Amino acid sequence: MPMPIFRSVAASLLALALAASATLAADLPIYRDPSKSIDARVKDLMGRMTLEEKVAQLQAYLVKDPHAVDAAGNFVGGTDAPELYQGAGTVRIWGPGGAQPDRFLKDPREAVIRTNSIQKYMIEKTRLGIPSFVFAEALHGYMAAGATSFPQAIALGSTWDPALVERVFTVAAQEASARGVRQVLAPVLDLARDPRWGRFEECYGEDPYLVSRIGEAAVFGLQGRGATIDPEHVEVTLKHFAGHGMPEGGRNIAPVDIGERDFRSTHLVPFEVAVKVAHAHSVMASYNEWDGVPNHASYKLLTQILRNEWGFQGFVMSDGGGIDVVYENHLAAAGPAQAGVLCINAGLDYDLGGKGRCFSTLASEVREGKVPMAAIDRAVSGVLRVKFLCGMFDHPYVDPDLVGKVTNTPAHKALAREAADEAMILLKNEGHLLPLDPTKLRTLAVIGPNAADIHLGGYSAVPMEGVSVLQGIRNFAGDHFKVVYAEGCKITANHASGWIANENPIENSAADDSRLMDQAVDVAMKSDAVVLVLGENELIRREAWSEKHLGDRDTLALPGRQHELARAILATGKPVVVLLINGGPLSINYLQAHAPAIIEGWYLGEETGPAVADVLFGKVSPSGHLTVTFPRSVGQLPCYYDHKPSRFRDYNQADSTPLYPFGFGLSYTTFDFKNLRILPDKIQPNGSARVSVNVTNTGTMKADEVVQLYIHAKVSFPTRPVKELKDFARVTLEPGQTRTVSFELTPDKLSSYDLQMKRTVQPGDFEVMVGKSSVDFVQGTLTVE
């Protein structure tokens, strides 16, 4: 064929192909077209939906039978009814292999195949083909059998390392998305303000600035930093909005008694940063009430503040059974339907589920004029927007072979160990007992109820998997020295492997504990040194959701007979290192007075044992710092460091200082802070100042230090706290090395809420403190003119 004719034919074929493509594009609904904007796709889809279809998008249906749909997307029977799938535009597929693996499927690959089949049913067999959310938990890693379990949230906060936390949650997102999960119910941004509260361990700390920095990093890790969420990331759900971490009496879901100015200055700060800076698109309301209004039904929180002030465009979901709590516990509504009306009108968009099915009657409520159609459209648009952002319409399925390639890889295990290394906090090291010198050990005793089992804390897959303290030390010891073990006593008589189990702790018998203590003393006497592993377990401190599943405490003492065990072991005269594995502050006054070395470990994740060995034997210098204040007793509560100036008076016949202050943490080396500079030292209210300090490693070991910056307004009306953390940096220094660490004090860090509830920078003097804790620092003065 001559070339000109060939070109003519080719051009004709190309024209026909383009015309066919244009025809197909014209036939494609806008909401199915990836080239269109998300706003256009949401608008187009909503215009096609019936009222019932819209309401269905606002409810979750929990898949009970993963075999109800075959691989081709055909409904084949089982315990699930097809009309529930058909009617529920959002089928809640609890993340494959979750807290209870038999709740879905134990084999991750098979679980992905089944998840794909359910999505296929929703996309191909329902009228509009709207995909379903697949939710999962990710408090400290993706919660699923076989997935990487990182240190608990309170431990991640103790690293003071946002970059590390972002890496941790990037892994969590990768492992979750590989199983078809598109949204996780994390991170928790509550402030840990009452250590009696069972969910304390789920929080990063008590300070709003610190939690906002760590929370922001968690959001970036989970969602990524792009405008949309790619297939290796997942949508976040900020929880619990708001004030959940300061319940009255430390009792879960109890009211939060705090004024609006302080509420905005503390509990709302991490959420505001996550929404406005990290661009989180989903928020979970908290069970508690604030100022007499249950948060699930708070127009002020969910609409005025979240949407109108912060510009939030995603959707707000209930906590599990949260709308039921409105009528059952708060007594704010007469029943499920009325509670549903209150919540949807206040700004709640999505019912995660509960026995009342409180959103199931919304279509009728709209027709009866109790709920405006605008409220339904607001809620539906938020839900659909997140589905489009997650790419669920364009990439609804997952490669089943991917999950085995990305789950708990050697690199992920190494990251879990690194996070545990950074989380541990050295509270005491008398006579430089630590690090232990393995060349001087013939026999090391590992004693205590938390030594032999792995403890991961709440929102972990069960059965819990990982390397225990005992096993980690044995692996390190090898043939170099002998490791002997004794339990010493029991924290609870019943086993604590299931934080989710509906059973309360049972105290062990005194006779059995006495027997175990005698064995432990005998083991200690035959050793050169003792590692005493004490603390809590997952039955003692956890989320309290019923009278059969209690978790809040009225004491901060070591549970069970652990104090008696500690006294007995210390009385042997052997060098003793106390390691705490727990979920919240403990009033360990006796240990502080008598134990030569103490490490706060929290729940350290699956690599607990190797990381503990790293720190005990000096491979790593402990570098964690407390993100919460340790009280001497419950009588000191509340005891957070950023209290108001008028809370100054001491208790009668008592030491009124905390046992360990906020920001505290020792090292195997020493650090010196000198030459604080504030430039300029006088600024206008809209100005900034650079704060610099020289930090020197004056010891003999390479180590990390957390440099902390605090401010205090010398005069302020309305009043401000005695100290406020406003920046921090984690630095690594070789022995003898000096580094200049600098911070910027900007108007947003200096500002506070004025009488009109607006953030302003008041003129006056600010004390600027830079150091290694909230009580150990060098200071200068910055004047705002």
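Residues numbered from 1 in each chain as written. Predicted model: local features only at pLDDT ≥ 70, side-chain atom pairs only at ≥ 80, totals over all residues. Heavy atoms only, no water.

Quick word on the packing of aromatic side chains
Point 1. Tallied over the full model, the rule gives 23 aromatic pairs.
Point 2. Aromatic side chains Tyr 660 and Phe 664 sit 6.0 Å apart centroid to centroid with 15 degrees between the ring planes, which places their arrangement in the stacked category.
Point 3. Of the aromatic side chains, those joined through ring pairs into one cluster are Trp 160, Tyr 209, Tyr 641, Phe 662, Tyr 710 and Phe 728.
Point 4. Here the guanidinium or amino end of Arg 225 rests over the ring plane of Phe 220, the centre of that ring lying 3.9 Å away.
Point 5. Residue placement shows Arg 567 over the ring face of Tyr 590; its charged tip is 4.0 Å from the ring centre. (Phe/Tyr/Trp six-rings, centres within 6.5 Å; stacked < 30°, edge-to-face > 60°. Lys NZ or Arg CZ within 6 Å of the ring centre and 35° of its normal.)

Remarks on helix α7 (residues 162-177)
Because each turn of an α-helix spans 3.6 residues, side chains separated by three or four positions in sequence point in the same direction.
Point 1. For α7, spanning 16 residues, the distance from its first C-alpha to its last is 22 Å, which sits close to the expected 22 Å at 1.5 Å a residue.
Point 2. Counting buried residues in α7 gives twelve out of 16 residues, a clear majority hidden from the surface.
Point 3. Those residues of α7 not exposed but buried are Pro 162, Leu 164, Val 165, Glu 166, Val 168, Phe 169, Val 171, Ala 172, Ala 173, Glu 175, Ala 176 and Ser 177.
Point 4. Where α7 is buried, its residues touch α6 (153-158), β4 (183-184), α8 (208-223), α16 (403-406), α17 (410-423) and β20 (724-733). (Helix = DSSP H or I, 4+ residues; strand = E, 2+ residues; numbered from the N terminus. Expected span 1.5 Å × (residues − 1). Buried < 20%, exposed > 50% of the residue type's maximum accessible area, 1.4 Å probe, protein only. Contact = heavy atoms within 4.5 Å.)

Digging into the pairing of strand β13 (residues 529-535)
Point 1. With seven of seven residues buried, β13 lies mostly within the body of the structure.
Point 2. The alternating pattern of β13 places Ala 529, Val 531, Val 533 and Gly 535 on one face and Val 530, Leu 532 and Leu 534 on the opposite face, and all of these are buried.
Point 3. In this structure, strand β11 (residues 443-447) lies alongside β13, joined through four bridges in parallel fashion. Bridge pairing in β13 places Ala 445 opposite Val 530.
Point 4. Here six bridges tie β13 to strand β14 (residues 576-581), and the two strands are oriented parallel to one another. Counterpart to Leu 532 in the pairing with β14 is Val 578.
Point 5. Of the crossover connections in this fold, the one passing from β13 over helix α20 (residues 562-570) to the parallel β14 is right-handed. (Pairing = 2+ DSSP bridges. Right-handed = clockwise from strand over helix to strand, strands pointing away.)

Brief notes about the nonpolar core
Point 1. Within the largest apolar cluster, 199 residues are counted, with the highest numbers of intra-cluster contacts made by Leu 238, Phe 241, Ile 447, Leu 532 and Leu 591.
Point 2. Take this core: its biggest share by element is nine residues, from α8.
Point 3. Look past the residues within four positions of Leu 591 in its chain and what remains in contact with it is Lys 428, Leu 534, Leu 558, Ala 566, Leu 570, Val 578 and Ile 598.
Point 4. Ranked by size, the runner-up nonpolar core spans 25 residues in total, among them Val 691, Val 693, Ile 711 and Leu 733. (Core = buried A, V, L, I, M, F, W, Y, C linked by side-chain atoms within 4.5 Å.)

With respect to the pairing of β11
In summary, the side chains of a regular strand alternate between the two faces of the sheet.
Point 1. Counting buried residues in β11 gives five out of five residues, a clear majority hidden from the surface.
Point 2. Burial of β11 is two-sided: the residues Thr 443, Ala 445 and Ile 447 facing one way and the residues Leu 444 and Val 446 facing the other way are all buried.
Point 3. Relative to strand β12 (residues 482-486), β11 runs parallel, the two being bridged by five bridges. Directly across from Ile 447, in β12, lies its bridge partner Ala 486.

Observations regarding the confidence of the model for the protein chain
Point 1. Across the protein chain, the average pLDDT comes to 93, with 92% of residues at or above 70.
Point 2. Contacts for the low-pLDDT stretch residues 1-10, under 50 throughout, to residues beyond four places or in other chains number one contact.
Point 3. A low-confidence stretch, residues 19-24 (pLDDT under 50), is modelled with zero contacts involving residues beyond four sequence positions or located in other chains. (pLDDT = per-residue confidence, 0-100.)

Concerning the environment of Val 134
Point 1. Relative to the helices and strands, Val 134 resides in the loop between α5 (108-125) and β3 (135-136).
Point 2. Between the alpha carbons of Val 134 and Ile 581 there is a distance of 33 Å; along the sequence they are 447 residues apart.

Describing the sheet that holds strand β9 (residues 315-317)
Point 1. The sheet built from three strands is open, its strands ordered β5-β6-β9 with parallel pairing. Both edges of this open sheet fall to β5 (238-241) and β9, since each of them pairs with a single strand only. Strand after strand, the sheet turns through a mean of 30 degrees between neighbouring axes, direction not considered.
Point 2. As defined by bridge partners, strand β6 (residues 282-285) adjoins β9 across three bridges and the pair is classed as parallel. Note that in β9 the partner of Val 283 across the bridge is Val 316. (Axes fitted to C-alpha atoms, helices over the stretch in contact; angles between N-to-C directions.)

Structural notes on the sheet that holds strand β21 (residues 738-745)
Point 1. Here three strands make up an open sheet; going across it, the order is β16-β18-β21 and the pairing antiparallel. Taken across any chain shown, the strands that pair with only one partner, and hence form the sheet edges, are β16 (671-679) and β21. Neighbouring strand axes in the sheet, compared pairwise and without regard to direction, differ in orientation by 20 degrees on average.
Point 2. Direction of pairing for strand β18 (residues 689-697) relative to β21: antiparallel, over a ladder of eight bridges. Within β21, the residue paired with Val 695 across the bridge is Arg 739.

Quick look at unusual backbone geometry
Point 1. The peptide bond linking Lys 239 to His 240 adopts the cis configuration, its omega dihedral lying at 5 degrees.
Point 2. Inspection of the secondary structure assignment puts His 240 in strand β5.
Point 3. Along the chain, Leu 637 connects to Pro 638 via a cis peptide bond; the corresponding omega equals -5 degrees.
Point 4. Phi is positive for Ile 253, which is not a glycine, with a value near 70 degrees.
Point 5. Overall, Ile 253 belongs to the partly exposed group, its relative accessible area being 23%.

Digging into the pattern of salt bridges
Point 1. This model, assessed by the stated rule, comprises 47 salt bridges.
Point 2. Of the charged contacts in the structure, one is a salt bridge between Arg 167 and Glu 418, with a shortest N-O distance of 2.9 Å. With Arg 167 in helix α7 and Glu 418 in helix α17, the pair connects residues that are 251 residues apart, well separated along the chain.
Point 3. Classification of Glu 418 by relative accessible area gives partly exposed; the value is 28%.
Point 4. For Lys 749, the salt bridge is made with Asp 727, and the minimal N-O distance between the two is 2.7 Å. Taken together, the residues span a long stretch of sequence, with Lys 749 in helix α23 (residues 747-750) and Asp 727 in strand β20 at a distance of 22 residues.
Point 5. Judged by its relative accessible area of 12%, Lys 749 falls in the buried class.
Point 6. On the basis of relative accessible area, Asp 727 is assigned to the buried category, the value being 10%.
Point 7. Several salt bridges converge on common partners, so that one network encompasses Glu 260, Arg 264, Lys 300 and Glu 309. (Salt bridge = Lys/Arg side-chain N within 4 Å of Asp/Glu carboxyl O.)

Topic: the side chain of Asn 450
Point 1. In this structure, Asn 450 sits in the loop between β11 and α18 (469-477).
Point 2. The class of Asn 450 is buried, set by a relative accessible area of 2%.
Point 3. In terms of polar contacts, Asn 450 uses its side chain to reach the backbone carbonyl oxygen of Ile 581, at 3.0 Å.
Point 4. In contact with Asn 450, not counting residues within four places along its chain, are His 455, Val 469, Ile 491, Val 533, Leu 534, Gly 535, Glu 536 and Ile 581. (Polar contact = N/O pair within 3.5 Å; in protein donor to acceptor, adjacent residues only side chain to side chain.)

Describing the packing of α7 against α8
Point 1. One way to put it is that α7 packs onto α8 with a least axis distance of 7 Å and a crossing angle of 35 degrees. When the axes of α7 and α8 are compared, the crossing they make is right-handed. Together, Pro 162, Val 165, Glu 166, Phe 169, Thr 170, Ala 172 and Ala 173 of α7 and Arg 213, Ile 214, Ala 217, Ala 218, Phe 220, Gly 221 and Leu 222 of α8 make up the contact between the two elements.
Point 2. Here the contact of α7 with α8 is built from residues that sort into ten nonpolar, two polar and two charged. (Left-handed = near helix turned anticlockwise from the far one by under 90°. Nonpolar A, V, L, I, M, F, W, Y, C, P; charged D, E, K, R; others polar.)

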